[in-house]
Structures are given as structure tokens and as C-alpha cells.
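# Coordinate inspection notes
So the chains spell out like this:
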Amino acid sequence: MFKKSIMALTLSATLLLTTGIASAAPKSTNKGTQATTQYYVDESKLPFNALPTYETDRYWGVHNGAGYRIEVPKNWNGELVLYAHGYRGTGLELTVSNPRIREHFLKQGYAWAASSYRTNGYDVAQGVKDTHALGTLFNGLVGKPKKTYITGHSMGGHITAVAAEHYGSTYNGALPMCGVTGDTELFDFFTDYGLVAQALSGIEKEDQVFPADENYFAVTVPEMKAKLGIGEANQPDYNITEEGEVLKAITMNLTGGDRPLFNVAWGAYKHFLFDRMPTDPSFIVAPKNVVNTTDSIYQFDQDPSLSAEEKAFNDSILRITAHPSSNQKGLTGVPEVQGNHTMPMISLHDIGDLYVPFHMQQIHAKRSKENGSELVTRAIRGVGHCDFTPAEEQEAFDDLVKWVEQGVKPEGDDILNPTLVANPYFGANFTRGYRVYDPLKYLHSSSK
């Protein structure tokens, strides 16, 4: 009973966060309409009140089709934080989000600014352009900041990382959180999950479906769940089959390897991931399909070498090749995070997030290491998407500022070391408040 209640809480938190912050795989097919869609800003929703005990000047309006909010404390320290919000779906209304740690910014004397962007959808390129343009607008409305930081959640984390690379001379520090910093690799994973599930369900390679259609979600997915013994959402897999266990193991290996809390994550996301198979693999913003699974490796265990059984299984999976026109550099399509930033950067990621999985942070770390760029990575022991406490975000921001101002590189987690990642205590270094489903919460409570 206890286990079921914990899992139910986990899923509720996960769905709340993913619905409110980011969904990186829109189902609707709207290819080719992004540039002509008639988005709008409801200007009556732009005004916002000051927080109690903080005197601020507040600005809002519409700039080049994007709504914005700006807040400047009376004790402004002369520095600015730009905040990039996550995915808003494919609706027409454009909205602005205040930063989660808005009060912390104001308390420290920072001004902040946030844009709605002038489009919705997974339009990272437009988010980068509009967030950058808002910084320029701030210069005219308020004054040129002495330093500018950029941060964001989920798709906003993707925007943060790309902006840091494209406008390196503008920003002094960057803090991508729960970011899609593996860019199109996220969509590859969603596709991998669906194709692996099809193969494990007995669907032959030539009959495997990509992209998904209505019949796939209405008929094929329920049939696959039944064949794999994938039980009710957030319930133990009492009837999971051997093939279902293989899907679980492959999912773990695709999303960051053996690590704490994966069993909780699997329970929370196993059904959700069936619905992530792309329906429009251009994701509206690219010319053609951006998904590439030709380099995906499906492993049953932690041994990096493939057994004969694993080789045979890999050969049984349909492979998807991205269209050449979608391999674009710069601020087009789904922009690549190359890992070549030149400023201090700290990233946060939940180790149990399977919406924007932990391996997004690992990909970013690997690319940054290859480019000689300094990136401090911090793993948080959470399962929900962007499931950070205010203390975790505040500490990361303060350490970023200290790095920028004093040249003191802060501590992080070695997320590319499989042995360290698999340690039961992995992620504890920067987690500030263990979640209700975390064994460490009760271990620490019982030791007092």
C-alpha cells in the first residue's frame, strides 16, 4: 500500500510538472505552418504584482510580437537575469512565466526579464532570438546591465545553452536546468522506446511503425502493453513479461545507465513514454524529419560489448535516418547544442527524469569536454521533470555568480563515470531535501 501511494504521488508530480513546464514531443501535425500561424498575446494577462516587502519597478508589453515582463528592484545591483520558459504546446496564445526563484533574484538585487517568444511549438531558435532581443529592449527601458545571466527550464534550458553558444559575448554566465541539451537526441529516444517496444511485442522490422498514426496509439499501443505485461500506471508490474523487463533495461541504458531511483522513474513514466512516439518528426520547425536512430544501441545489461542476442535484437529494429535538410547549423530547425560555450555554465538535471532524460545532460557534458568548454554538472535526486527545490536552484545560481565574479569554479558531479552514477548515493551532493520516494529520506531520518 505504501509503495502504491508513493508511486501515485510521483506520477502526479511528474504530470503536473511536465504539463506546466515543457512537453518536447507535440503529437499534432502542423508542419509548414509555424511561420504563418497567427499567434497572439493577451495583454490583459501581462501585468503582475510586486512581491510583499520588495519594492520594484515593473514593465510589461509586447515587443516584435512577443510578450514580456521585466522587474527591477529599487536596490538594483546593475545586473540582469534573462529567464527562458519551457514548451507551451501548439496553441495560439503566447504567455510569459516569472522565474521560480524570482524572490531570490530580487533579494540579491538582480533585475530579471522573461519573454513569451513570438511563437509556440518546439521553436528553440525563436526562443533564443526573442530572449536575446528582450535583453536589448532592457538596455533601452532600464539601462545597460554590468553583467547578464541567462537561465531556463526544459526547452528553456535548450534555449539557454544555445543562446550561450551563439551570443557568447553578451552573457556572463548560463544556468540550463532540466534542459534538452542533447537537442534532437531527445526525439531519437522517444522513437527508440516505441520501436523497441514494437520489436519486443513481436512486430517484425518491416512492419514497425514510424512515425506514429492514430491507429498506432489507439490499437498498437494497448496491444503492446498487454503483450509486455506493462500494468496500470504507477502500479507494480506484477505481470510483466520477460520482454517487458528487457524494455525496462534498455530504457535505463538509453537514458543514462544504472542509477538510483530508476525503478521509481520507470513506474512513473512507462506508460507516458508509449505516447511520445513522434507523429510529425519535423516537430513543425524543421524542414523534414530530424529523428536519427542509426546510431542507437540497445543493450540488455551494463556490459558495453554486445552479446550475440543483443546483436540479433539490434538487427531486428527499424532504423530511422534524419533527412539531410534537417541537419542545419545555426538558429534554424532544432538547434544543436555543440558544447562550445566560452562562459561559466552550470547545469542541473533530475536523475530520474524520463521526460527529458538524464542522458541529455550527459550528452552536453561529453560535447563540452570534447570542445574544452567548462561545464559544471549537478545531478539532483528527483524523478519529476524539472523537479528542483528552490534551494537547489538558488545554490546553483549563487555558485554561478561566484564563478563569474571571483573565478572560483564550483563543485559538480562526474556524470560521465558509470561507476559513480550507479552508486546508491549518487546525486546526494547537491540535493537539498530528499523526495518522499527516495530511500535516503528514510535512511537519514532513521539515523537521527
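Heads up: these notes are all about the structure in this document. (Residues numbered from 1 in each chain as written. Predicted model: local features only at pLDDT ≥ 70, side-chain atom pairs only at ≥ 80, totals over all residues. Heavy atoms only, no water.)

What follows covers the overall build of the protein chain. Per the secondary structure count, the protein chain includes 13 helices and ten strands. Sequence-distant contacts, at least 24 apart, represent 78% of the contacts inside the protein chain between residues at least 6 apart. A total accessible area of about 18,200 Å² is found for the protein chain, and carbon and sulfur atoms account for 51% of it. (Helix = DSSP H or I, 4+ residues; strand = E, 2+ residues; numbered from the N terminus. Contact = heavy atoms within 4.5 Å. Areas by Shrake-Rupley, 256 points an atom, 1.4 Å probe, with all protein chains shown as cover.)

Looking now at the packing of aromatic side chains. Tallying each qualifying case throughout the model produces 17 aromatic pairs. Between the aromatic rings of Tyr149 and Phe397, the centroid separation amounts to 5.6 Å while the plane-to-plane angle is 70°, which identifies the pairing as edge-to-face. Of this pair, Tyr149 sits in strand E7 (residues 147-153) while Phe397 sits in helix H11 (residues 390-406), and the two are 248 residues apart along the sequence. Residue classification places Phe397 among the buried residues on the basis of a relative accessible area of 2%. Measuring from centroid to centroid gives 5.9 Å for Phe189 and Phe190, while their planes differ by 45°, and the two rings are tilted. Ring-pair connections join several aromatic residues into one group, and the members of that group are Tyr87, Tyr122, Phe187 and Phe283. (Phe/Tyr/Trp six-rings, centres within 6.5 Å; stacked < 30°, edge-to-face > 60°. Buried < 20%, exposed > 50% of the residue type's maximum accessible area, 1.4 Å probe, protein only.)

For the rest of this paragraph, the subject is the pairing of strand E10 (residues 376-380). Within E10, five of the five residues are buried, which leaves it mostly tucked inside the rest of the structure. Side chains Val376, Arg378 and Ile380 project from E10 onto one buried face, and the interleaved Thr377 and Ala379 project onto a second face that is buried too. Between strand E9 (residues 346-350) and its parallel partner E10, the chain crosses via helix H10 (residues 359-371), and the hand of that crossover is right-handed. (Right-handed = clockwise from strand over helix to strand, strands pointing away.)

Quick look at the pattern of salt bridges now. In total, this model carries 13 salt bridges according to the counting rule given. A salt bridge links Arg378 to Asp399, with the shortest nitrogen-to-oxygen separation between them at 2.8 Å. One end of the pair, Arg378, is in strand E10; the other, Asp399, is in helix H11, with 21 residues separating them in the sequence. Its relative accessible area of 2% is what places Arg378 among the buried residues. When the shortest N-O distance is used, the salt bridge between Asp438 and Arg381 registers 2.7 Å. Here the residue Asp438 occupies a position in the loop between helix H12 (418-422) and helix H13 (439-446), and Arg381 occupies one in the loop between E10 and H11, the gap between them amounting to 57 residues. Taken together, the shared-partner salt bridges in this structure form one network comprising Asp387, Glu392 and Arg435. (Salt bridge = Lys/Arg side-chain N within 4 Å of Asp/Glu carboxyl O.)

Let's shift gears to the state of the cysteines. Taken as a whole, this structure holds one disulfide when the rule is applied. Between the sulfur of Cys178 and that of Cys386 lies a disulfide, 2.1 Å long from S to S. Because the torsion about its S-S bond is 95°, the bridge between Cys178 and Cys386 counts as right-handed. Taken together, the positions of Cys178 in the loop between strand E8 (173-177) and helix H5 (185-200) and Cys386 in the loop between E10 and H11 put the pair 208 residues apart, joining distant regions of the chain. Classification of Cys178 by relative accessible area gives buried; the value is 0%. (Disulfide = S-S within 2.5 Å.)

Viewed as axis vectors pointing N to C, helix H7 (residues 242-254) and helix H8 (residues 262-269) meet at an angle of 115°, and their least axial separation amounts to 11 Å. By the angle between their axes, H7 is roughly perpendicular relative to H8. For the element pair H7 and H8, the recorded crossing hand is right-handed. Of the residues in H8, those touching H7 at Gly244, Leu247, Lys248, Thr251 and Met252 are Phe262, Asn263 and Trp266. For the contact of H7 with H8, the residue count by class is four nonpolar, three polar and one charged. (Axes fitted to C-alpha atoms, helices over the stretch in contact; angles between N-to-C directions. Parallel < 35°, antiparallel > 145°, perpendicular 65-115°, else oblique. Left-handed = near helix turned anticlockwise from the far one by under 90°. Nonpolar A, V, L, I, M, F, W, Y, C, P; charged D, E, K, R; others polar.)

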